Amino acid sequence: MNLIVERERGLLELEKRIAELRAANAQQSLDLSPEIRALEEKYSQIQREIFGSMTPWQKVHMARHPNRPTAADYIAEFAQFDELHGDRHFRDDHAIVGGFAKLGERSVMAIAQQRGRDTKENLRRNFGMPSPEGYRKVQRLAHLASHLGLPIVTFVDTKGADPGIGSEERAQSEAIAACLYEFTVARVPIVATVIGEGGSGGALAMSIADRIIMLEHSYYSVASPEGCAAILWSDASKAEEAATRLKLTAQDLLQFGIADEIVPEPTGGAHRDPAGTISRVLKNIGDALDELASLPAAQLKEARYQKYRRIGAWQNERLEVVKTGP
Amino acid sequence: MPDWLPRRRAKNEQAEDAATWSKCPKCSEVLYRRDLAANLWVCPRCGHHFRMSAVDRINITVDGDFKEIGGDVLPGDPLEWVDKKKYATKLAGDREKSQLSEAVICGTGKIGGFETAIGVMDFHFRGGTMGTVVGERISMLLERAREFHLPCVIFTASGGARMEEGMLALMQLAKTTAAVARFREDGNFFVTVLTDPTTGGVSASFAFQADVIAAEPKAMIGFAGRRVIEQTIRQKLPDQFQTAEFLLEKGHIDMVVPRTDLKATLTRLLDYAAAGHRARTAAS
Ligand SMILES: [Zn+2]
C-alpha cells in the first residue's frame, strides 16, 4: 500500500467536507463560515504534518503515487509528438516511449520510461521496467538524434531494468552498457528529468546528460530501497532503512552535484497540480536546452566527460590530507 | 583418511592448515594449495575454476614487472554509512582479509611481450563491488592506456555497484563508460575477461563495452542476480542459466577460454590488434 495514498485519505475527506459546507453556506441563511474556517485550519495543519518534512521513505512513496503524472502526461504537453517504435531486432517495448517532438519551437528527440496508470496498462508496459529491446530502442533513437543534430530530452521513471529470464537471455547488461555508451558519445545536448523513480542502472541508461533535473519528490538511487535491503541484509522489509541510508532524494543528489536543479512540486505532490508541475518542468527543460544550444559539439562532449570524471575523484584530495598527517 | 583431515574438520582448525589445503566447492576434492596454484587455481579433478585473488591473477598473466596505477586512491565514506557495522569497519576488515586496498588493481605490464594496461578486480574485497575508487582506478587506467596507445585488458569479478556509496557508486558506471569511449574513439583495443561472478553495474558498463569479450568456464555472468530473478518469477532457475557457456550460446560474448589457455589467447588477440595498429600507422 502506498504510504502517501494512505495518509492523504483523511485530507481528501476533509476537502470534501469543506466543499459541502461551502455549498451549503451559499444556499442557506445560516452562517457556516466559522466551521469552514476551523476545518480549513485543521486541513492546513494536517497538510503541514504530512508534507512539511517528508522522510526519504515517504518521498519514495510519493514518487510511486498512482496518480503522479507519468511521462505520457509530459509528452502530451509538447507542441507536437511523432512516436517512433521498436528496436529493429526483436519487438517494440512499451515501457519505453520515444520519438520526434516539438518543445515550443524546438525540435527534439523525446525518450521516456512509461509506467502504466492502471493494472491493465501496467501489464502492457511491464510496470515501466524496460527490457533489452527497450534500451535498444533508446539507443537507436539517441543515435538518430545525434545523427540529425537534435537535442535529446529524456524522462526517467522506473524502478529499474526488467530482471526477468527473457531479459537475461537477450543481454540486458549489454543493452544498458550500450545506452550508456551512446549517451556518452552523443554530439547533441542531453537534458534528463527524473519525474518519479530513478532506479539503478535502468535509470542511468537514460540519464547520462548535460543537465539533470529532478522533481522535488522524485528519487534516484543505486538500487531501489527494496533491492538494496535484499542485497545487503537479505531482507526486503528493511527498505525504509535502506531509503534513509542511500541518500536518494533530489535534495541529496543536488548536494552531491549529480542533480543540477530541482523543480518544486505543489504541497501534497505533483498529482495535486499536474498541469502546473508539467509546465514548470517543460520550462526548465527549454531553458536548459537554450543554454546548451550555444556550445559546439566538441565542447559539449568535453564538459560532459569532465562532469562525470569528477564524481568520486575527491578521495585524492582527502588522501593528501591523510598523507600530510604525522 | 589422511591424518590431517580430522584436524581440518575440527572447528578450531589452525590458520596454516586452512591456508595449506582447499576443498573444491564443485567436486569436494581436497587439494594441496601448492598444487592448486601450480594448476592456476583450476581443480585438476573436475576443472572447476576457483575465484582468484587479483595478485595471483597478475602473477599468472603478466610477464615481468607490473607498474601499479591509482594504488594511492583510497576509499572514503561519502554517505557516512552505518548498518550493522560502519562502512569504514567493513573496509578495514576486507583490507585485512584480502591484503588489498580496494576491489581492483590496475597497472601496466607485458602480456606475451605486448605492453598492456591491465585491470584486475578481486571478489574478495567487498564482493568486487564498484564504488568510487574502483571507478576512479579503472578510469585512470583507461586514460593512461589512451595516452600511450596501449591496449587494455580488464578482468572483471563483481557483484555490481557498491550500495554503501549510493549514487556516487552508480555514477561510476557513467564515468568508466566515458573513459572507455574516449579510449576506443582513438582506435585503441579493449578486451574484457569476465570471471566468476560478473553482474550488475559492472556487467552493465565496461564489461560489455569491450571490443572482445572473453569469459572463464562456468563463470556466472548477468545483469540481475540469480536470487532476484528467482524471487521475481517464483521458480528455480536451471543451473546452466547465466553461465559463460549460456552467454556464448546466446551470442553475448566472443569466447569461453579455460584459464590454462587464457594467457596464450590474450597474446594472440593483442598480436592481431598490434598488426592493425602498425598497418594504420604506416598508412597515415
Ligand atoms: Zn573439483
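A quick note: this is a predicted structure, and the numbers were derived from the prediction, not measured.

Caption draft 1: Representation of the packing of aromatic side chains. Applying the stated criterion across every chain, the model contains 6 aromatic pairs over all chains. Centre to centre, the rings of W21 of chain B and Y32 of chain B are 4.8 Å apart; their planes meet at 35 degrees, and the pair counts as tilted. Taken together, the residues span a long stretch of sequence, with W21 of chain B in strand β1 (residues 21–23) and Y32 of chain B in strand β2 (residues 30–32) at a distance of 11 residues. The structure contains a cluster of three or more aromatic residues connected by ring pairs, namely Y74, F78 and F155 of chain A. The lysine or arginine in question, R51 of chain B, covers the ring of F123 of chain B, its NZ or CZ lying 4.2 Å from the ring centre. Cation over ring: R182 of chain B sits above Y305 of chain A, and NZ or CZ is 3.8 Å from the ring centre.

Caption draft 2: Structural context of the coordination of the zinc ion. All names here are of chain B. Protein coordination at the zinc ion: the donors are C24 (SG), C27 (SG), C43 (SG) and C46 (SG), at 2.2 to 2.3 Å from the metal. If you look at the zinc ion, its 4 donor atoms make angles of 107 to 112 degrees with each other, and the shape they trace is tetrahedral. Taken in sequence order, the residues that donate to the zinc ion follow the motif C-x2-C-x15-C-x2-C. Here C27 is found in the loop between β1 and β2, whereas its partner C46 is found in the loop between α3 (33–38) and α4 (54–61), with 19 residues between them in sequence. On the basis of relative accessible area, C46 is assigned to the partly exposed category, the value being 37%.

Caption draft 3: Spotlight on the pairing of strand β4 (residues 104–111) of chain B. All names here are of chain B. Of all 8 residues making up β4, 7 are buried, and the element is well covered by its neighbours. The sheet contact formed by strand β3 (residues 66–68) and β4 spans 3 bridges and is antiparallel. Paired with K67 across the bridge in β4 is T108. Here β4 pairs with strand β5 (residues 114–121) via 8 bridges, running antiparallel.

Caption draft 4: Region of interest: the packing of helix α14 (residues 297–310) of chain A against helix α7 (residues 166–185) of chain B. Packing of α14 of chain A against α7 of chain B leaves a shortest axis separation of 8 Å and a crossing angle of 135 degrees. Between α14 of chain A and α7 of chain B, the interaxial angle falls into the category oblique. In terms of crossing hand, the pair formed by α14 of chain A and α7 of chain B is left-handed. Seen from α14 of chain A, the contacting residues are K301, E302, Y305, Y308 and R309 of chain A; seen from α7 of chain B, they are M171, A174, K175, A178, A179, R182 and E185 of chain B. Residues belonging to the contact of α14 of chain A with α7 of chain B are distributed by class as follows: 6 nonpolar, no polar and 6 charged.

Caption draft 5: Spotlight on the domain arrangement of chain A. All names here are of chain A. Splitting chain A by domain gives domain 1 (7–53) and domain 2 (61–309). The centre of domain 1, based on its C-alpha atoms, is set 37 Å off from the matching centre of domain 2. Three residues stand out in domain 1 for area buried against domain 2, namely E8, Q47 and F51, and they jointly supply 78% of the buried area on that side. The tally of links between domain 1 and domain 2 comes to 1 salt bridge. Counting across the domain 1 and domain 2 interface gives 3 residue pairs in polar contact (both at pLDDT 80 or more). If you list the elements that add at least two residues to the side of domain 1 that touches domain 2, you get α1 (3–27) and α2 (33–51).

Calculation rules
Residues numbered from 1 in each chain as written. Chains lettered and ligands numbered in written order. Predicted model: local features only at pLDDT ≥ 70, side-chain atom pairs only at ≥ 80, totals over all residues. Heavy atoms only, no water. Phe/Tyr/Trp six-rings, centres within 6.5 Å; stacked < 30°, edge-to-face > 60°. Helix = DSSP H or I, 4+ residues; strand = E, 2+ residues; numbered from the N terminus. Lys NZ or Arg CZ within 6 Å of the ring centre and 35° of its normal. Donors = N, O, S within 2.8 Å, 3.2 Å for Na, K, Ca; no water. Tetrahedral: all angles 85-135°; square planar, octahedral: opposite > 155°, others 65-115°. Buried < 20%, exposed > 50% of the residue type's maximum accessible area, 1.4 Å probe, protein only. Pairing = 2+ DSSP bridges. Axes fitted to C-alpha atoms, helices over the stretch in contact; angles between N-to-C directions. Parallel < 35°, antiparallel > 145°, perpendicular 65-115°, else oblique. Left-handed = near helix turned anticlockwise from the far one by under 90°. Contact = heavy atoms within 4.5 Å. Nonpolar A, V, L, I, M, F, W, Y, C, P; charged D, E, K, R; others polar. Domains from an automatic or database assignment. Buried area = accessible area lost by both parts, 1.4 Å probe. Salt bridge = Lys/Arg side-chain N within 4 Å of Asp/Glu carboxyl O. Polar contact = N/O pair within 3.5 Å; in protein donor to acceptor, adjacent residues only side chain to side chain.

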